[in-house]
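# Residue-level structure breakdown
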Amino acid sequence: MFKLDTRHFGPIEVADADVVTFPNGIPGVEGSMRFTLLGRGKDSAPFFWLQSLDQPETALVVIDPFAIYDGYSVDVDDEEIAELGIRDPERILTLCVVVIPEDIKQMRANLKAPILINLENNVGKQVMQHNDALPIRFFLIQ
Amino acid sequence: MLVLTRKRGQSLMIGQDVEISVIEISGDQVRLGINAPKSVTIHRKEVFDDICQENKAAAHVSFNSQELRKAMENLYPLKRSKEESGPD
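Residues numbered from 1 in each chain as written. Chains lettered and ligands numbered in written order. Predicted model: local features only at pLDDT ≥ 70, side-chain atom pairs only at ≥ 80, totals over all residues. Heavy atoms only, no water.

Between its first and last C-alpha atoms helix α1 (residues 45-59) of chain B spans 21 Å; for 15 residues at 1.5 Å apiece the expected length is 21 Å, and the two agree. When α1 of chain B is considered as a whole, its buried residues turn out to be Asp-50, Ile-51, Cys-52, Glu-54, Asn-55, Ala-58 and Ala-59 of chain B. The secondary structure elements touched by the buried residues of α1 of chain B are β6 (59-63), β7 (92-99), β8 (108-109) and β10 (123-126) of chain A. (Helix = DSSP H or I, 4+ residues; strand = E, 2+ residues; numbered from the N terminus. Expected span 1.5 Å × (residues − 1). Buried < 20%, exposed > 50% of the residue type's maximum accessible area, 1.4 Å probe, protein only. Contact = heavy atoms within 4.5 Å.)

Approximately 530 Å³ is the volume attributed to the largest pocket. Glu-80 and Met-128 of chain A together with Thr-41, Ile-42 and His-43 of chain B are the residues nearest the centre of the largest pocket, which is lined by 24 residues in total. At the level of secondary structure, the elements contributing two or more residues to the lining of the largest pocket comprise β10 of chain A together with α1 of chain B. Split by residue class, the lining of the largest pocket holds eleven nonpolar, eight polar and five charged. Here the second largest pocket defines a volume of roughly 390 Å³. (1 Å grid on protein atoms, 1.4 Å probe; cavity = no way out; pocket = protein on both sides within 12 Å on 5 of 7 lines; lining within 4 Å. Points joined across faces, edges and corners; volume = space filled by probe spheres on them. Nonpolar A, V, L, I, M, F, W, Y, C, P; charged D, E, K, R; others polar.)

Residue and element names in this part refer to chain A. Note that Ser-32 resides in the loop between β3 (20-21) and β4 (34-38). You can call Ser-32 buried: its relative accessible area is 2%. Among the polar contacts made by the side chain of Ser-32, one reaches the side chain of Gln-55 at a distance of 2.3 Å. Discounting chain neighbours no more than four positions away, the residues touching Ser-32 are Gly-25, Ile-26, Ser-52, Asp-54 and Gln-55. (Polar contact = N/O pair within 3.5 Å; in protein donor to acceptor, adjacent residues only side chain to side chain.)

Residues and elements named next belong to chain B. For chain B, per-residue confidence averages 82 on the pLDDT scale, and 74% of positions sit at 70 or higher. Of the regions scoring below 50 in pLDDT, residues 77-88 engages in 29 contacts with residues more than four places distant in sequence or in other chains. Scored by ipTM, the complex comes to 0.90, with pTM at 0.82. (pLDDT = per-residue confidence, 0-100.)

Let us look at the pairing of β10 of chain A. All names here are of chain A. Neither face of β10 is open: one carries Val-123 and Lys-125, the other Gly-124 and Gln-126, and all of them are buried. Two strands pair when backbone bridges link them, and strand β9 (residues 115-118) and β10 are joined in this way by four bridges, in the antiparallel orientation. When the bridges of β10 are listed, Ile-115 appears paired with Gln-126. Counting the residues that bridge the hairpin from β9 to β10 gives four residues, and of these Asn-122 lies at a positive phi of roughly 55°. (Pairing = 2+ DSSP bridges.)

Put into structure tokens, the structure is as follows:
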């Protein structure tokens, strides 16, 4: 059980079963390997939060890319399948990192490097896509 | 930083199983070939840097979840088709 005082959600308690481990961390978000998903299935959908358990002030807004980009698909290679321990692709949660600047109209999602979470073992990884059609900055409002 | 000079067609080894070859040189562009085990991830540095930068920016969102939800209510619907939105 984790207890922490988060910047966006105030004090929270997180059960061990809800801890997602990123063995390689998330690039650019140094110092955090353990996260939890907050607000999933709540009324802020399709957005929810990937809250760091190692740094309570750190939380990334994430979005279900399939809700914003028709025909979205993710390629994973054998190494990534092994790292995530994927046995059942149906148990993989795919998320894209959303940047919400002060000017909310500039809100954008990174379709190029989705975050995959294996719900079977709660292991996560951000995977780079080689598909050049997928933008790093996909603006959600145009 | 180790600096080596190579000509077209020459290559260099990093460790025992990563080989980088100079395929073609044209003006200020160099085409490189890379042979490496699958476990070695290879990315253009600017793409990797860009992703790091976006992750950093995402981690410093100034909205809280309630403010975000309110803002979202004004902005729905978000869903657009692929055809309407070009690549970045």
